[in-house]
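What the coordinates show
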Amino acid sequence: MDKQSFLKAGHPPTLLASFLYFDLAFMVWVILGPLGVQIAKDLGLDHAQKGLMVAVPVLAGAILRIFMGVLVDHLKPKMAGAIGQVIVICALFVAWQFGIHSYEQTLLLGVFLGFAGAAFAVALPLASRWYPPEHQGTALGIAGAGNSGTALAALFAPGLAMAYGWTNVFGLALIPLVAVFVFYLVVAKDAPECPPAKPLTEYFKVLKDKDAWWFMFFYSVTFGGFVGLASSLTIYFNTQYGLDAKMAGYFTAACVFAGSLVRPIGGRVADRVGGIKSLSVMYVFAAIFLAIVGIGLPEAWMALGVFVLAMLSLGMGNGAVFQLVPQRFRKEIGVMTGLVGMAGGVGGFYLASSLGYAKQATGSYQMGFMIFAGLALAALIGLTSVKTRWRTTWGAAHLTSARI
């Protein structure tokens, strides 16, 4: 599988537009996390409220992924993405012009930012439908590297908030959002093989297939861990180690860059060695590193190193899951991307909110990290239980050119 065959196989401008849309959407999806230190100080929020504030956009994004998945199959991906981008741009404009003055208003903004998180259910099918099975891992890994937008938020938002006030950060975010929206409208194209829309009653028939539930669980751990940490680490480093908001944002950005930039590598490795094998290894490493963080480390730089390793594992795992999903559910990729993405968001909501509640209830983040490490081990056990069946049915060598 060489570079030339990949470039000839699909539509690179659409792949680039998918990546940029996904990247900027994810930047604003988690923006309340990097701004959380300043928002919490101004609004007087406790640990549990801070945890829920950063978790609500993740949950809203999870639920809205189902809605966006339906729009993808009925309106085609490009139109669905355009609608989502307009809603997010309008919400940020209102927050910038009128301000956020209460905890409840942060939660309401978080609901609208969920449409940015739902970009996942649009950007991946927009790219995926252009590429054949043997290039799915690479194509979806490139589009999915838009996860790096979460790092942009952590890198720039706290510093901009210190310089201009956190409300004005919403206005500044509109500049790249509008630019990418225009680029998206100009260059993105729907693949000629878009499957016909199904009646709404048929959408969730896929849930009768137990493999759909397995993929949802697997992704709730890999992506849930990734986005839960991306939303929470700025507050964590500030609370646990006393770093100021700007430095905590830099630490968070390093972790998130690690997790997002290896997603394409995770997809490519899965294309070469098989998604099951690569995903199994990633679960082992993720569980180990999350447990180490849960035990507690005395210095912030030590925690940074372990979080980077954990995010590398989770990011690679994200790429591996989405190497497998299109092989099993190619005809239902729109709704499956929504369902699996929803599960990932639910996992992220659980992790982000549980860290806040653990700190509020026990004075420590330990319980939140240890339970999630246990979920990674549970996912490994589940994957081990289905791998033989998968490799002898839909993933059999005579049925697909992809490595399973």
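Residues numbered from 1 in each chain as written. Predicted model: local features only at pLDDT ≥ 70, side-chain atom pairs only at ≥ 80, totals over all residues. Heavy atoms only, no water.

If you check an unreviewed UniProt entry, the chain appears there as MFS transporter, NNP family, nitrate/nitrite transporter from Aromatoleum tolulyticum. Quoted verbatim from the Subcellular location (unreviewed entry) field of the UniProt record, the comment on the chain reads "Membrane". Within the UniProt record for the chain, the comment given under Sequence similarities (unreviewed entry) is "Belongs to the major facilitator superfamily. Nitrate/nitrite porter (TC 2.A.1.8) family." (UniProt positions renumbered as here; feature names shortened; annotations may be inferred.)

This part covers the overall build of the chain. Helix and strand content of the chain: 18 helices and 0 strands. Taking 2.2 N^0.38 as the reference for a compact globule, 404 residues should give roughly 22 Å; the C-alpha atoms of the chain span a radius of gyration of 20 Å, in line with that estimate. For the C-alpha atoms alone, the extent of the chain along its principal axes is close to 60 × 45 × 40 Å. Within the chain, the proportion of its 404 residues that are buried is 62%. Within the chain, contacts between residues at least 6 apart in sequence are counted, and of these 88% link residues at least 24 apart. Put simply, the chain shows about 14,800 Å² of open surface, and 69% of that area lies on carbon and sulfur atoms. A distance of 7 Å separates the average location of the 26 positive side-chain charges in the chain from that of its 16 negative side-chain charges. (Helix = DSSP H or I, 4+ residues; strand = E, 2+ residues; numbered from the N terminus. Rg over C-alpha atoms; globule rule 2.2 N^0.38 Å. Buried < 20%, exposed > 50% of the residue type's maximum accessible area, 1.4 Å probe, protein only. Contact = heavy atoms within 4.5 Å. Areas by Shrake-Rupley, 256 points an atom, 1.4 Å probe, with all protein chains shown as cover. Lys, Arg positive; Asp, Glu negative; His and termini not counted. Charge placed at Lys NZ, Arg CZ, Asp CG, Glu CD.)

What follows deals with the nonpolar core. With 133 residues, the main nonpolar core has Phe170, Phe215, Phe237 and Phe307 as its most contacted residues. A total of 16 residues in this core trace back to one element, the largest contributor, which is helix H12 (residues 210-241). Those residues in contact with Phe237, other than ones at most four positions away along the chain, are Gly242, Leu243, Ala248, Phe251, Thr252, Ala300, Ala303, Leu304 and Phe307. In this structure, Leu15, Ala127, Tyr131 and Ala143 belong to the second largest nonpolar core, which totals 7 residues. (Core = buried A, V, L, I, M, F, W, Y, C linked by side-chain atoms within 4.5 Å.)

We now examine helix H8 (residues 136-144). Counting buried positions along H8 yields 8 of 9 residues, so the element is predominantly enclosed. Here H8 has its buried residues at Gln136, Gly137, Thr138, Ala139, Leu140, Gly141, Ala143 and Gly144.

It is worth spelling out the environment of Lys246 at this point. The topology assignment puts Lys246 in helix H13 (residues 245-261). Put simply, Lys246 and Phe120 are 126 residues apart on the chain and 28 Å apart in space, counted from C-alpha to C-alpha. With residues up to four places along the chain from it excluded, the contact list for Lys246 reads Pro158, Gly159 and Met162.

It is worth spelling out the packing of aromatic side chains at this point. Taken as a whole and assessed by the stated rule, the structure comprises 31 aromatic pairs. Clustering of aromatic rings is evident, with ring pairs tying together Phe22, Phe26, Trp29, Phe120, Tyr219, Phe223, Phe226 and Phe322. (Phe/Tyr/Trp six-rings, centres within 6.5 Å; stacked < 30°, edge-to-face > 60°.)

Together, Val281, Val284, Phe285, Ile288 and Ile292 give the surface a local cluster of nonpolar side chains, amounting to about 360 Å² of exposed area. Looking at the element boundaries, Ile288 is found in helix H15 (residues 275-295). Relative accessible area serves as the criterion here: at 40%, Ile288 is assigned to the partly exposed category. (Patch = residues over 30% accessible without salt bridge, like charges linked within 9 Å, V, L, I, M, F, W, Y side chains within 5 Å. Salt bridge = Lys/Arg side-chain N within 4 Å of Asp/Glu carboxyl O.)

Right, let's talk about unusual backbone geometry for a bit. Unlike most non-glycine residues, Lys76 shows phi in positive territory, near 75 degrees. By the secondary structure assignment, Lys76 is in the loop between helix H4 (47-75) and helix H5 (77-98).

Note on pairing: side chains with opposite charge can pair once their charged atoms come close. Applying the stated rule across the entire model yields 4 salt bridges. The partner of Asp73 in a salt bridge is Arg129, and the shortest N-O contact between them spans 2.6 Å. On the criterion of sequence distance, the pair formed by Asp73 in helix H4 and Arg129 in the loop between helix H7 (120-128) and H8 is long-range, its members being 56 residues apart. Classification of Arg129 by relative accessible area gives buried; the value is 10%. Between Asp209 and Arg328 there is a salt bridge, with its nearest N and O atoms 2.3 Å apart. You can see Asp209 sitting in the loop between helix H11 (200-203) and H12 and its partner Arg328 sitting in helix H16 (residues 300-328), a full 119 residues away along the chain. A residue is classified by how much of its surface remains accessible, and Arg328, at 21% relative accessible area, is partly exposed. Ionic contacts of the salt-bridge type, sharing partners, join the residues Asp209, Asp211, Arg328 and Arg389 into one network.

This brings us to the confidence of the model for the chain. Mean pLDDT over the chain: 90, with 96% of residues reaching 70 or higher. The least confident element of the chain, judged by mean pLDDT, is helix H1 (residues 3-9) at 66; the most confident is helix H10 (residues 166-187) at 97. (pLDDT = per-residue confidence, 0-100.)

The next point concerns the side chain of Ser232. With respect to the element layout, Ser232 can be found in helix H12. A polar side-chain atom of Ser232 sits 2.8 Å from the main-chain carbonyl oxygen of Gly228. Beyond its immediate stretch of four places on either side in the chain, Ser232 contacts Val54, Ala352 and Leu355. (Polar contact = N/O pair within 3.5 Å; in protein donor to acceptor, adjacent residues only side chain to side chain.)

To continue, consider the packing of helix H2 (residues 12-29) against H7. Helix-helix packing: each pair is described by the crossing angle between the helix axes and the interaxial distance. Orientation of H2 relative to H7, taken along the N-to-C sense of each, is 165 degrees, at an axis distance of 9 Å. By the angle class used here, H2 and H7 are roughly antiparallel. The element H2 and its partner H7 pack so that their crossing is left-handed. On H7, the residues touching Thr14, Leu15, Ser18, Tyr21, Phe22 and Phe26 of H2 are Phe120, Val122, Ala123, Leu124, Leu126 and Ala127. Along the lines of polarity and charge, the residues of the contact of H2 with H7 split into 10 nonpolar, 2 polar and no charged. (Axes fitted to C-alpha atoms, helices over the stretch in contact; angles between N-to-C directions. Parallel < 35°, antiparallel > 145°, perpendicular 65-115°, else oblique. Left-handed = near helix turned anticlockwise from the far one by under 90°. Nonpolar A, V, L, I, M, F, W, Y, C, P; charged D, E, K, R; others polar.)

The next point concerns the side chain of Ser278. Inspection of the secondary structure assignment puts Ser278 in helix H15. Sequence-distant contacts of Ser278, that is, excluding residues within four places in its chain, are made with Val269, Ala270, Val273 and Ala320.

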